[in-house]
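Read off the chains here:
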Amino acid sequence: MNVLNQFIERTQLIQEWIYDAAKLIKASFEENLDIQQKSNRNDLVTNIDKAVEKQFIEKIHQFFPGERIMGEEGFGDEFQNLDGIVWIIDPIDGTLNFIKQQYDFAIMVAVYEDGIGQAGFIYDVMQDKMYSAHKGKGAYCNKKKLPPVKDLSLKEGLVAISSALMSKEEGLARLVGRASSGVRLIGSAGIETAHVASGQLIGYIAASLAPWDIAAGKIIAEEVGLIYTKMNGSSIDLLQKNPSLVATPTAHKEIIMLLNTKK
């Protein structure tokens, strides 16, 4: 089975499910959240993250039985490989923003077939922007096709980085201080990747992204001509966490050189 043969049906369903999830999330704004700490005090999960993931899993099981699911909150399947059709879900990307600001968070869904990205969706909930892409068919924001990115150099644009990189990368200091126009921190891998795909940024660098942080954005990014790899230039592995870089081709080369060259 090829997922692209069913992309119209899947797209309609996925977007309906994402909008339903967004309603659930917004309805929680007036509630007292059940917040739990995962790996550290900035790595949090709420009852809403869990409810959204469970909602997606129930829908996928109903409409696409037998297809495997990888979810951030652990309600999906165990994975040793990416064989067959695999859904990769981040119910709330930017949970800390969701809790603290009720802004700058996204719902992300991706569909892969034998390890190859076929369809990716990033929904910036509070901006009501649906970024989507299907392999070979381009990328869109709210049904408007995104143009191929301009191949800007590092000095010509802004770069987004994860907060974990701020103090431990010598190359990053050179990148921020001398090479780029400036740096931005948003706190949502999905939104930052979408901003690169839509030309607002020329790159995004993150110390450690999980598969669900990467999967949807990688499909969208590659459809507009961006390069998405590990920070050393090697291929992304969606079975583990990755130090990640997505950027225009020229900026990608420059960033890798700066990050991997000793002073």
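Cut-off values and rules
Residues numbered from 1 in each chain as written. Predicted model: local features only at pLDDT ≥ 70, side-chain atom pairs only at ≥ 80, totals over all residues. Heavy atoms only, no water. Helix = DSSP H or I, 4+ residues; strand = E, 2+ residues; numbered from the N terminus. Buried < 20%, exposed > 50% of the residue type's maximum accessible area, 1.4 Å probe, protein only. Contact = heavy atoms within 4.5 Å. Areas by Shrake-Rupley, 256 points an atom, 1.4 Å probe, with all protein chains shown as cover. Pairing = 2+ DSSP bridges. Axes fitted to C-alpha atoms, helices over the stretch in contact; angles between N-to-C directions.

Q: So what exactly am I meant to see when it comes to the overall build of the chain here?
A: What the chain contains, in helices and strands, is seven helices and 14 strands. In the chain, which comprises 263 residues, the share counted as buried stands at 53%. Look at the contacts in the chain between residues 6 or more apart in sequence, and 60% of them connect residues 24 or more apart. Accessible surface, the chain as shown: approximately 12,300 Å² in total, 47% of it carbon and sulfur.

Q: Would you explain unusual backbone geometry in this entry?
A: At glutamine 102, a position not held by glycine, the phi torsion is positive, near 55°. Position of glutamine 102 among the secondary structure elements: in the loop between helix 3 (95-100) and strand 5 (106-113). Despite not being glycine, aspartate 128 has its phi angle at roughly 50°, a positive value.

Q: When you look at the sheet that holds strand 4 (residues 85-93) in this model, what are you seeing that I'm missing?
A: Strand pairing in a sheet takes place through backbone hydrogen bonds and is either antiparallel or parallel in direction. Strand order in this open sheet of seven strands is 3-4-5-6-7-8-9, and the pairing throughout is mixed. One side of each edge strand has no neighbouring strand; the edge strands of this open sheet are strand 3 (68-71) and strand 9 (144-145). One ladder, built from six bridges, connects strand 6 (residues 116-124) with strand 7 (residues 129-134); its direction is antiparallel. When the bridges of strand 7 are listed, aspartate 124 appears paired with lysine 129.

Q: Looking at this model, I keep getting lost on the sheet that holds strand 10 (residues 158-161). Mind explaining?
A: Pairing within the open sheet is mixed, and its five strands lie in the order 11-10-12-14-13. Of all strands in the sheet, those with a lone pairing partner are strand 11 (182-184) and strand 13 (227-230), marking the two edges. Ignoring strand direction, the axes of neighbouring strands in this sheet form an average angle of 20°. Bridging between strand 10 and strand 11 involves three bridges; their strand directions are parallel. Across the sheet, valine 159 pairs through a bridge with valine 183, a residue of strand 11. This element, helix 6 (residues 211-223), spans strand 12 (203-209), strand 13 and strand 14 (242-247) of the sheet and lies at about 150° to strand 13. Sheet strands touched by helix 7 (residues 249-260): strand 12, strand 13 and strand 14. Its angle to strand 14, the strand with the most contacts, is close to 140°.

Q: What am I meant to see in the environment of glutamine 15 here?
A: Assignment of secondary structure puts glutamine 15 in helix 1 (residues 7-27). Glutamine 15 gets classed as buried once you look at its relative accessible area, which sits at 18%. Sequence spacing of glutamine 15 and methionine 130 is 115 residues, and the spatial spacing of their C-alpha atoms is 8.4 Å.

In short, the description is geometric, and any link to function would need to be established separately.
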